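# Structure assessment
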Amino acid sequence: MELLLLAINAMLIGNLILSKFLGICPFLGVSRRLSTALGMSMAVLFVMVLASTVTWTLFYSLLKPLHLEYLRTILFILVIASLVQLVEMVMQKLSPALYEALGIYLPLITTNCAILGVAIDSIEKGYGFLPMIVYSFFGACGFALALLLFAGIRERLETADMPQSFQGAASSLIVAGILSLAFMGFSGLVPG
Amino acid sequence: MSILIPILVLTGVGVVAGVALAYFSRVFYVPEDPRVDRLEEILPGANCGACGFAGCRDYAKGLVAKNGDVPPCPVGGKATAEKVAAILGVAVADVEDQVALVRCAGTRERAAARGTMVGVRDCAGAALLGSPKACRFGCMGFGDCGTVCPTKAITVYAGGVAVVDADLCIGCGLCVAKCPIDCIQMVPKSRRVHVLCNSRDPALVTRAACKVGCIACNLCTKKDAAFVVASNVATFTGASCDPEACYACPNDVIVHTDRYGVLAFIESAEARADYEAEKTEFKEKEKAARAAARPAREPKNAGEQP
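Model, not experiment: these values are computed from the prediction.

The subject of this paragraph is the overall build of chain A. Per the secondary structure count, chain A includes 10 helices and 0 strands. Sequence-ordered secondary structure for chain A, helices as α and strands as β, is α-α-α-α-α-α-α-α-α-α. The buried share among the 192 residues of chain A stands at 35%. Relative to all contacts within chain A whose residues are 6 or more apart in sequence, the contacts with residues 24 or more apart total 78%.

Right, dumping it as structure tokens:
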């Protein structure tokens, strides 16, 4: 039950993009087309769970025993960057199709703040191993949900007749704001 | 001493990650077609994206994947197309070097003004409110095209019209994409004759807006079939023509670059005066020829009269 609540919380109430301001860059950058948004979402889902698992393990097996908690940020960045590189290499060798599908998004999310944000967040909140997995997985699902919704809207906006001053970035940001407003409605889902 | 522990931990993790990456990059090495590297070497390397690919390396990959069946590199032109064909072992595609051309000669003295641009002086901003010129299609002269030009080949001169230096232009087409009123066009580098007007307005509107506008009178098409009139504006579609065909234009919008450079034709008063003189001389000659042709008929009539 607690894990279910955690999942809903990670995905809807505390949505990474729309209520925590994390990962805004790919949210605006790769939402021009639904298909690329889907590719990006899958890449984020994959890397986020993997990165959180590795950094969580590293934190509790290396940093905590040595009382080096303050090295968290720099070490996580280092580990996530090399991890993504490694995943990219493995994928290129073993599954060229998936490598082509994820394309440029895989290296791009190396520097995505949402990845680092979730890794640090699950440490900060003191999650155990299983809650951490649930948190990162559904956090990424929330990211995907927001990104896909946004991409779908932007695809339609592209052909919509709009006043000239609203066209382009302005309308996209307004839509992002309205989406965020809609997600605020989820905050009543879980009491407390 | 305790400072050493974090240093060691950080260095340790870094070294382990680095060594692991180096090791796995060998284990998971994916051999790439060697032609991609060779193709990348001969491509211009400007990474301008004019071909539609994300940079020159991506274009090289596309060339290899489709075995040359992709649009040619617009920057490299013919020379690059030949090298690409040699590496891929396919026939050379028929490409011609392209350059950009600003199709407007409407300097401040020649084109009527509609207003003055106040605020941010760039074309993108001006286009939101409509051109400061009376002509909707003429160059606004704020030089957005020059700012995107990778070789600084476009300059806005004193007359307020952007002019492309064809020697510096690499044909990437970035300015064409940037111009909010589509005043710039890609033309073959070998083309010697240009109609320097872009106005698709009907003749009356064009004439009211600019002294050097194309009014689609079709006089040039009668002189040379390479002139084509469409959407109220003439365009030269061939490579070159008799310079005298250009004198047919009543509004002096056709430039023959064997005679005058595009820049001189737009900006230089001497070149203009020179052109006027030649045109008048040609018109006189034409008139004389017509006069000479007429009396030849009269004696014949005179002979039949009695």
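Listed as interface residues are 16 residues of chain A and, on the opposing side, 13 residues of chain B. Of the residues that constitute the side of chain A that touches chain B, the class distribution is 11 nonpolar, 4 polar and 1 charged.

This part is about helix 1 (residues 4–27) of chain B. Helix length check: helix 1 of chain B, at 24 residues, gives a terminal C-alpha distance of 34 Å against a target of 34 Å (1.5 Å per residue), a fit within 8%. Across the 24 residues of helix 1 of chain B, 0 count as buried, placing the element largely on the outside.

Another aspect to go through is the pairing of strand 6 (residues 227–230) of chain B. All names here are of chain B. In the sheet, strand 6 pairs with strand 7 (residues 233–236) via 4 bridges, with the strands oriented antiparallel. Within strand 7, the residue paired with Ala-230 across the bridge is Val-233. Joining the antiparallel neighbours strand 6 and strand 7 is a turn of 2 residues, in which Ser-231 adopts a positive phi near 50 degrees.

On to the environment of Val-164 of chain B, then. Residues and elements named next belong to chain B. Counting through the fold element by element, Val-164 comes out in strand 3 (residues 162–164). The exposure class assigned to Val-164 is buried, which follows from the 22 C-beta atoms found within 10 Å. Sequence separation between Val-164 and Leu-101 is 63 residues; the distance between their C-alpha atoms is 6.1 Å. Residues within four places of Val-164 in sequence aside, it is in contact with Val-99, Ala-100, Leu-101, Val-102, Ala-153, Ile-154 and Cys-169.

Turning next to the nonpolar core. The biggest cluster of nonpolar side chains holds 70 residues, and the ones touching the most others in it are Val-102, Ala-105, Val-164, Cys-197 and Val-253 of chain B. Viewed by domain, this core spans two of them, domain 1 (34–88) and domain 2 (98–286) of chain B, each represented by three or more residues. Core analysis: the second largest hydrophobic core is formed by 52 residues, Leu-18, Ile-115, Leu-116 and Val-134 of chain A among them.

Working note: a packed helix pair is described by the angle between its axes plus the distance between those axes. All names here are of chain A. Packing of helix 5 (residues 72–94) against helix 8 (residues 113–124) leaves a shortest axis separation of 11 Å and a crossing angle of 130 degrees. By the angle between their axes, helix 5 is oblique relative to helix 8. The chirality of how helix 5 crosses helix 8 is right-handed. Residue-level contacts link Arg-72, Phe-76, Ile-77 and Ile-80 of helix 5 to Ile-115, Leu-116, Ala-119, Ile-120 and Ile-123 of helix 8. Taken together, the residues that form the contact of helix 5 with helix 8 break down as 8 nonpolar, no polar and 1 charged.

Residues and elements named next belong to chain B. We note that Lys-152 has phi near 55 degrees; this positive angle belongs to a residue other than glycine. Its location among the elements puts Lys-152 in the loop between helix 6 (144–148) and strand 2 (154–156). For Lys-152, a count of 10 C-beta atoms within 10 Å translates into the label exposed. The backbone of Asn-232 sits at a positive phi, close to 65 degrees, despite the residue not being glycine. Here Asn-232 is to be found in the loop between strand 6 and strand 7. Using a count of 18 C-beta atoms within 10 Å as the deciding quantity, one classes Asn-232 as partly exposed.

Put simply, chain A has an average pLDDT of 87, and 98% of its residues get 70 or more. Averaged pLDDT values for the elements of chain A fall to 75 in helix 6 (residues 96–102) of chain A and rise to 92 in helix 9 (residues 129–159) of chain A.

With that settled, consider the packing of helix 8 of chain A against helix 9 of chain A. Residues and elements named next belong to chain A. Two elements in contact, helix 8 and helix 9, have axes whose closest approach is 10 Å; the angle formed by their N-to-C orientations is 150 degrees. The angle between helix 8 and helix 9 places the two elements in the roughly antiparallel class. Pair helix 8 / helix 9 crosses with right-handed handedness. Each of Ala-114, Val-118 and Ser-122 in helix 8 lies in contact with helix 9, whose residues at this interface are Met-132, Tyr-135, Ser-136, Gly-139 and Phe-143. Broken down by class, the residue content of the contact of helix 8 with helix 9 amounts to 5 nonpolar, 3 polar and no charged.

Calculation notes
Residues numbered from 1 in each chain as written. Chains lettered and ligands numbered in written order. Predicted model: local features only at pLDDT ≥ 70, side-chain atom pairs only at ≥ 80, totals over all residues. Helix = DSSP H or I, 4+ residues; strand = E, 2+ residues; numbered from the N terminus. Buried ≥ 20, exposed ≤ 12 C-beta atoms within 10 Å, placed from the backbone. Contact = placed C-beta atoms within 7 Å. Nonpolar A, V, L, I, M, F, W, Y, C, P; charged D, E, K, R; others polar. Expected span 1.5 Å × (residues − 1). Pairing = 2+ DSSP bridges. Core = buried A, V, L, I, M, F, W, Y, C linked by C-beta atoms within 7 Å. Domains from an automatic or database assignment. Axes fitted to C-alpha atoms, helices over the stretch in contact; angles between N-to-C directions. Parallel < 35°, antiparallel > 145°, perpendicular 65-115°, else oblique. Left-handed = near helix turned anticlockwise from the far one by under 90°. pLDDT = per-residue confidence, 0-100.

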